[in-house]
Amino acid sequence: QDTLFMNSDGTTIPFPGDGADWPDFNDYDDFLKYADSLSFPLKMLGISPVIDSVYFAKDALGQLYISTNFSGGFELADSSGAFTKLAFDADSSVIYSLITVRENSKYLRKLIKSEELGAKDSWTILSIPETNSRFEFLETDDKTAGSIIVADSNTVYLSSDFGMNFSEIFLSEDFITGLYK
């Protein structure tokens with residue numbers, strides 16, 4: 001049974017699990033605003049772009065949760081760090097995330113990947129260029145499988161082999177404030 005509720009014209013109604021019955025949303029962000037505005041203990045992080053019943057959320061500590069039944073029955077998928085964003089690869093089963101972890105009294109960034117649609121115990125750490133603590137931005141190319149872009153405040157790196165190797169593609173004297181597709 002779906003447990004997510006939403007506000008529809010001032011009335012709280014169950015959010016239907018069948019996508020055909022969903023209200024119209026202008027965009028994905030509009031849906032996330034609805035989901036985030038609910039009395040729901042988890043913050044929505046994303047929905048699989050290929051399987052619309054697979055939802056991802058995080059708790060107050062940033063731990064990742066997954067539901068394969070729309071918003072019902074979330075289970076812990078990974079607790080290795082604080083998740084900030086999910087990036088879905090063009091290969092429908094691969095997901096990336098930059099997470100924040102605490103090691104030796106320092107907070108560091110790590111790039112992790114799941115090749116099993118975010119399933120529990122499927123996340124592995126990838127080696128990223130430079131220092132683990134500087135990366136702020138992560139994007140994928142939704143048309144090219146294995147293409148990942150990561151950036152810190154001055155440098156942008158590209159991998160075209162699912163994060164196995166990275167090449168510097170841009171260096172700026174100015175601050176990079178985001179990656180946009």
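Just so it is clear, the model here is predicted, and its values are computed rather than measured.

1. A few points about the overall build of the protein
Piece 1. A count of helices and strands for the protein gives one helix and 15 strands.
Piece 2. Counting across all 181 residues of the protein, residues that qualify as buried make up 47%.
Piece 3. Counted over contacts in the protein with a minimum sequence separation of 6, partners at least 24 positions apart contribute 33%.
Piece 4. In the structure as shown, the protein presents an accessible area of about 10000 Å², 49% of it carried by carbon and sulfur atoms.

2. Considerations on the packing of aromatic side chains
Piece 1. On inspection of all chains with the given rule, the structure shows three aromatic pairs.
Piece 2. Where Phe83 meets Trp123, the ring centres are 5.5 Å apart and the plane angle is 75°; that geometry is what we call edge-to-face. Linking Phe83 in strand β7 (residues 82-83) with Trp123 in strand β11 (residues 123-126), this pair joins segments that are 40 residues apart in sequence.
Piece 3. The class for Phe83 is buried, based on a relative accessible area of 1%.
Piece 4. On the numbers, 5.7 Å between centres and 65° between planes, the contact of Phe135 with Tyr157 is edge-to-face. Residue Phe135 is located in the loop between β11 and β12 (137-140), and its partner Tyr157 is located in strand β14 (residues 155-159); the two are separated by 22 residues in the primary sequence.

3. Here's the deal with the side chain of Ser97
Piece 1. Along the chain, the position of Ser97 falls in strand β9 (residues 95-103).
Piece 2. For Ser97, a relative accessible area of 0% corresponds to the buried category.
Piece 3. Of the polar contacts made by the side chain of Ser97, one reaches the backbone oxygen of Lys85; its length is 2.7 Å.
Piece 4. Setting aside chain neighbours within four positions, we find Ser97 in contact with Phe83, Thr84, Lys85, Leu86, Lys110, Leu111, Ile112, Trp123 and Leu138.

4. Things to note about the environment of Tyr96
Piece 1. Topologically, Tyr96 is positioned in strand β9.
Piece 2. For the pair Tyr96 and Glu139, spaced 43 residues apart in the sequence, the C-alpha separation amounts to 8.7 Å.
Piece 3. At 3.4 Å, the side chain of Tyr96 and the side chain of Asp89 are in polar contact.

5. A few points about the sheet that holds strand β6 (residues 75-78)
Piece 1. Taken together, four strands build an open sheet; the order of strands is β3-β4-β5-β6 and the sheet is antiparallel. Among the strands making up the open sheet, the edge pair consists of β3 (43-47) and β6. The mean angle between the axes of side-by-side strands here comes to 35°, regardless of whether they run parallel or antiparallel.
Piece 2. Looking at chain direction, strand β5 (residues 64-67) and β6 are connected through three bridges and run antiparallel. Within the sheet, the bridge partner assigned to Tyr65 lies in β6 and is Leu76.

6. Here we look at the pairing of strand β4 (residues 55-58)
Piece 1. Here β4 shows a buried face lined by Tyr55 and Ala57 and a second buried face lined by Phe56 and Lys58.
Piece 2. Across four bridges, the pairing between β3 and β4 is antiparallel. Bridging across to β4, Met44 finds its partner in Ala57.
Piece 3. Pairing between β4 and β5: four bridges, direction antiparallel.

7. A few points about the sheet that holds β14
Piece 1. Sheet architecture is open: four strands sit in the order β12-β13-β14-β15, paired in antiparallel fashion. Whereas interior strands pair on both sides, the edge strands pair on one side only; in this sheet they are β12 and β15 (167-171). In this sheet, adjacent strand axes meet at a mean angle of 20° when their direction is disregarded.
Piece 2. Bridge analysis of strand β13 (residues 148-151) against β14 gives four bridges, and the strand direction is antiparallel. Bridged to Ala151 within β14 is Val156.

Rules used in this analysis
Residues numbered from 1 in each chain as written. Predicted model: local features only at pLDDT ≥ 70, side-chain atom pairs only at ≥ 80, totals over all residues. Heavy atoms only, no water. Helix = DSSP H or I, 4+ residues; strand = E, 2+ residues; numbered from the N terminus. Buried < 20%, exposed > 50% of the residue type's maximum accessible area, 1.4 Å probe, protein only. Contact = heavy atoms within 4.5 Å. Areas by Shrake-Rupley, 256 points an atom, 1.4 Å probe, with all protein chains shown as cover. Phe/Tyr/Trp six-rings, centres within 6.5 Å; stacked < 30°, edge-to-face > 60°. Polar contact = N/O pair within 3.5 Å; in protein donor to acceptor, adjacent residues only side chain to side chain. Pairing = 2+ DSSP bridges. Axes fitted to C-alpha atoms, helices over the stretch in contact; angles between N-to-C directions.

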